[in-house]
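# Structure assessment
Read off the chains here:
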Amino acid sequence: MEPDGGIRNVDRHEEFVALFVRHEAAIHSFVLTLLPDLDAAEEVVQQASMTMWRRFDQYQEGTSFRNWAFQVAKVTHMNYLTKLRRDRHVFSERLLEMLADRTTKRNDELESQRRALAFCIERLGEDDRITLAGCYRESSTIKKFAESVGQTPNAIYKRLNRIRAALLRCVERRLGAESV
């Protein structure tokens, strides 16, 4: 290790970048719920990301980076709003706090649902996973997929409905097990 801590700084830099990239879409969505103007939201996300980078030493390893990032974004958003106080279309801080809390909670629920769905898809048989991938692939249609596997679109629709129902049951069970 270098005397000035150079290797540690590189490790911290890579850790920040990995965490930020993993949660960037959620951070952006979070800011958009607070500030629906896309340009203003982009500005707030950019300012928040710079603040996160400068204060990454304050992030406690092992805690939720996303929740920490949401807090930084919320404070950045509040600071942004203080610059706009003369505009009568700015929401009150209390309303913004309520929206931020609701968004954080909803984001946690969606993340749990995504994890449960990924788990359930992995548990499907290979043929069912191939059917899902074939039908939901970008620029694919059920008709095209049915032709490629030599089946009728109606047969694929029926199979998809069966797969979807199985996934729904699995996700509901998985979420129920997580909440216990």
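Report on the accompanying structure. Keep in mind that this is a model prediction, so the values were computed, not measured.

### Focus on the nonpolar core
Ranked by size, the top nonpolar core spans 28 residues in total, and within it Ile 27, Phe 30, Val 31, Met 52, Phe 56, Phe 65 and Trp 68 carry the most contacts. Within the residue set of this core, elements represented by two or more residues are α1 (6–34), α2 (38–54), α3 (65–82) and α4 (93–123). Considering each element in turn, this core owes the most residues, nine residues, to α3. Every residue in contact with Met 52, bar those within four places of it in the chain, is listed here: Phe 16, Phe 20, Ile 27, Phe 65, Trp 68, Ala 69 and Val 72. With 14 residues, the next largest nonpolar core counts Phe 145, Ala 146, Ile 163 and Val 171 among its residues.

### A closer look at the pattern of salt bridges
Applying the stated rule across the entire model yields seven salt bridges. Salt bridges linked by common partners bring Glu 111, Arg 114 and Arg 115 together as one network.

### Topic: the state of the cysteines
The term disulfide refers to a covalent linkage connecting the sulfur atoms of a pair of cysteines. If you walk through the whole model with that rule in mind, you get one disulfide. Across a sulfur-sulfur distance of 2.1 Å, Cys 120 and Cys 170 are joined as a disulfide pair. Handedness of the Cys 120-Cys 170 disulfide follows from its S-S torsion of about -85°: it is left-handed. Pair noted here: Cys 120 is in helix α4 and Cys 170 is in helix α7 (residues 153–179), with a separation of 50 residues, a long-range link. Side by side, Cys 120 and Cys 170 carry an identical accessibility label, which is buried.

### Describing the packing of aromatic side chains
Enumeration according to the criterion identifies 11 aromatic pairs in this entry. Arranged with centres 5.7 Å apart and planes meeting at 15°, the rings of Phe 16 and Phe 20 form a pair that is stacked. Residue Phe 16 and its partner Phe 20 are located together in helix α1, separated by four residues, close to a single helical turn. Among the residues examined, Phe 16 registers a relative accessible area of 7% and is labelled buried. With a centroid separation of 4.3 Å and an interplanar angle of 5°, the aromatic rings of Phe 30 and Phe 70 are classed as stacked.

About the cut-offs
- Residues numbered from 1 in each chain as written.
- Predicted model: local features only at pLDDT ≥ 70, side-chain atom pairs only at ≥ 80, totals over all residues.
- Heavy atoms only, no water.
- Core = buried A, V, L, I, M, F, W, Y, C linked by side-chain atoms within 4.5 Å.
- Buried < 20%, exposed > 50% of the residue type's maximum accessible area, 1.4 Å probe, protein only.
- Helix = DSSP H or I, 4+ residues; strand = E, 2+ residues; numbered from the N terminus.
- Contact = heavy atoms within 4.5 Å.
- Salt bridge = Lys/Arg side-chain N within 4 Å of Asp/Glu carboxyl O.
- Disulfide = S-S within 2.5 Å.
- Phe/Tyr/Trp six-rings, centres within 6.5 Å; stacked < 30°, edge-to-face > 60°.

In short, geometric facts, not functional conclusions.
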